[in-house]
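Report on the structure
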Amino acid sequence: MLKHCCQQLYVFSVITLFFFITRNLLKEEHSTEELCPSTSLPHRSKTPRQQQFRNRGLPNPAMFCYMNSCLQSLLTLKDFVRDMGSQELVQALIPETKLMRSFLDISKFHLSDDTHKMELLHAFKSEVALQNPEFCDHQQKDAHEFLIAVLEQMRKLGKKAVKMGQDYRCPVTKHMMFKMRNTRTCKTCGAKSERLELFSNLSLDLTPGATVKQLLNNYRREMELDYKCDCGACTSVQRSTFATLPKVLILQLKRFKFTEDLEVTKVYDNIILQRELHLSSRKGAVSYMLVSCISHLSSSARIGHYICDGVYPDAGQADLADLWHTYDDSFVRETCAASVCKLRGEYAYILFYQRQD
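Residues numbered from 1 in each chain as written. Predicted model: local features only at pLDDT ≥ 70, side-chain atom pairs only at ≥ 80, totals over all residues. Heavy atoms only, no water.

1. Brief notes about the sheet that holds strand β5 (residues 235-242)
So the rule is basically this: Two strands are said to pair when DSSP picks up at least two bridges between them. Secondary structure is summarised from DSSP: a helix means a run of H or I of at least four residues, a strand means a run of E of at least two, and numbering begins at the N terminus for each. Simply put, an axis is a line fit to the C-alpha atoms, just over the touching stretch for a helix, and the angle between two N-to-C directions goes from 0 to 180 degrees. Residue contacts follow a heavy-atom distance rule, with two residues in contact if any of their heavy atoms lie within 4.5 Å.
In space, the 4 strands of this open sheet follow the order β2-β1-β5-β4, with antiparallel pairing throughout. The sheet is open, and its two borders are formed by β2 (192-199) and β4 (223-226), each paired with just one other strand. Neighbouring strand axes in the sheet, compared pairwise and without regard to direction, differ in orientation by 30° on average. Inspection of the sheet shows strand β1 (residues 178-186) paired to β2 by 8 bridges, in the antiparallel sense. Of the residues in β2, the one forming a bridge with Lys179 is Leu198. Its contacts with the sheet place helix α10 (residues 212-220) against β1, β2 and β5, and it is angled at close to 140° to β5.

Spelled out as structure tokens, the structure:
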């Protein structure tokens, strides 16, 4: 028994060592400082603000980078965090909302020492795993799957608060949820039918050299499908449009796909990241600004490292382009939007666009 435990410990130690070596190599390879000379700080003394942002990192004891990158992106959304905090009184009355309280604890102690943050991260991960047991262990996970699990769990808890008669507005519903209108048209008789579908994010196929807006247009373009119409015809076309637009638009870029042999492979197609997006629904046109980007740095689909680039939460409207941070677990450095858009086109995995009201 002791021999078996020692073997497990040895294997875990080797995996952990390999992870940290890989992460440091990737960190050097994908550094953004050279494109933002005004914000790189290798030869200057640290000001209080510079020291503060360096304390914003999150420790990674055992392949937590997928969780850390998601948390940093959510913490970038200042209005989302504020609205969640405004519901603390209701959350205190409902034990099942512990996940939200755990998230708020991380937000409040974002600048604390790593030892305290380590406890908070373990508590948050445990709450997620209660409803999503695939996140119980300390193995590498998919950041998008984790993010969606967190948002859906928070949204379900919000529904329970409403059922209990509490005056509660779910921050996930308020900020992330939106509706797509799917219009199906018979190619023979022209008969149309519409269906509304609720989303928290969209998953986009990659096209080399395309902009984010072009990927969105590809998602919404007309496609042919098999459907038996009342007229007897079996071919229709369907087109998707935005029925509503969210405060925060989350876009997943499909970096992973299955081969014919059911092997997972990574897609390295380089796309053009746009700082601004202009979208429209039946309610009018809306402008979005890129505020966060989760990237998967790797040479294969089987192993890699997640990092987050995000706008400084306290940045004013005019500073959204220049005051950015790169969050690499406990390592934090300054960057800018231009650098992120330039260097992350091949590795960007999840994009967060915030509506500009």
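2. Focus: unusual backbone geometry
Selection criterion: For every residue, the accessible area obtained with a 1.4 Å probe (protein chains only) is divided by the maximum for its type, and the residue is called buried under 20%, exposed over 50%, and partly exposed between those limits.
Within the chain, Leu262 stands out as a residue other than glycine whose phi angle is a positive 65°. Tracing the chain through its elements places Leu262 in the loop between β7 (256-258) and β8 (264-266). Among the residues examined, Leu262 registers a relative accessible area of 66% and is labelled exposed. The phi angle at Asp329 is positive, at roughly 55°, despite the residue not being glycine. Positionally, Asp329 belongs in the loop between β12 (324-328) and β13 (331-335).

3. A word on a nonpolar patch on the surface
The test is simple: A patch is a set of surface residues, each over 30% in relative accessible area and not in a salt bridge, joined within 9 Å for like charges and within 5 Å for the nonpolar side chains Val, Leu, Ile, Met, Phe, Trp and Tyr. Here the open area of atoms and residues is found with the Shrake-Rupley method and a 1.4 Å probe, where only the protein chains shown may cover a residue. Salt bridges are counted wherever a side-chain nitrogen of Lys or Arg sits within 4 Å of a carboxyl oxygen of Asp or Glu.
A cluster of nonpolar residues, Phe258, Leu262 and Val264, forms a patch on the protein surface that exposes about 340 Å² of accessible area. Inspection of the secondary structure puts Phe258 in strand β7.

4. A closer look at the environment of Ser69
Here is the rule: Think of a polar contact as two N or O atoms within 3.5 Å of one another; within protein, one of them needs to be a possible hydrogen donor and the other a possible acceptor, and neighboring residues in sequence only count if both atoms come from side chains.
By the element assignment, Ser69 lies in helix α3 (residues 65-76). Setting aside anything within four residues of it in sequence, one finds Ser69 in contact with Ala143, Ile294, Tyr306, Ile307 and Cys308. Within the local environment of Ser69, its side chain forms a polar contact with the backbone oxygen of Tyr66, the two atoms lying 3.1 Å apart.

5. Structural notes on the side chain of Asn201
Turning to its location among the elements, Asn201 is positioned in the loop between β2 and β3 (202-204). Looking at Asn201, its side chain comes within polar contact range of the side chain of His144, at 2.9 Å. Engagement of the side chain of Asn201 in a polar contact is seen with the side chain of Ser200, the distance being 3.2 Å. Here Asn201 is in contact with His144, Ile148, Phe178, Ile250 and Gln252, once residues within four sequence places are set aside.

6. Structural notes on the packing of aromatic side chains
Filter applied, for reference: Any Phe, Tyr or Trp ring, taking Trp's six-membered ring, that has another such ring centre within 6.5 Å forms a pair; planes under 30 degrees apart are called stacked, those over 60 apart edge-to-face, and the others tilted.
Evaluated as defined, the whole model comprises 10 aromatic pairs. An angle of 85° between the planes, with centres 5.1 Å apart, marks the rings of Phe135 and Phe146 as edge-to-face. A residue pair is termed long-range when its members are at least 10 positions apart, and Phe135 in the loop between α7 (114-131) and α8 (143-163) and Phe146 in helix α8 qualify at 11 residues. Neither residue differs from the other here; Phe135 and Phe146 are each classed as buried.

7. As for the nonpolar core
Keep this limit in mind: To define a nonpolar core, start from buried Ala, Val, Leu, Ile, Met, Phe, Trp, Tyr and Cys residues and group those joined through side-chain atoms within 4.5 Å.
In terms of nonpolar packing, the biggest core is built from 78 residues, with Phe80, Phe103, Phe124, Leu251, Leu351 and Phe352 touching the most fellow members. Element by element, the count of residues in this core is highest for α8, at 8 residues. Residues within four places of Phe80 in sequence aside, it is in contact with Leu74, Phe103, Met154, Pro171, Val172, His175 and Met176.

8. Brief notes about the pattern of salt bridges
This structure, assessed with the given rule, holds 13 salt bridges. Among the salt bridges present, the one from Asp83 reaches Arg82, with a minimum N-O distance of 3.6 Å. Judged by relative accessible area, which is 10%, Asp83 ranks as buried. The partner of Glu194 in a salt bridge is Arg282, and the shortest N-O contact between them spans 3.3 Å. Highlighted residues: Glu194 in strand β2 and Arg282 in the loop between β9 (276-281) and β10 (284-297), separated in sequence by 88 residues.

9. Some remarks on helix α4 (residues 78-85)
Inclusion rule: For this quantity, the arc is that covered by the directions from the helix axis to the C-beta atoms.
Listing the buried residues of α4 in full gives Phe80, Val81, Asp83 and Met84. Along the axis of α4, the buried positions cluster into a sector of 165°, meaning they face one direction only.

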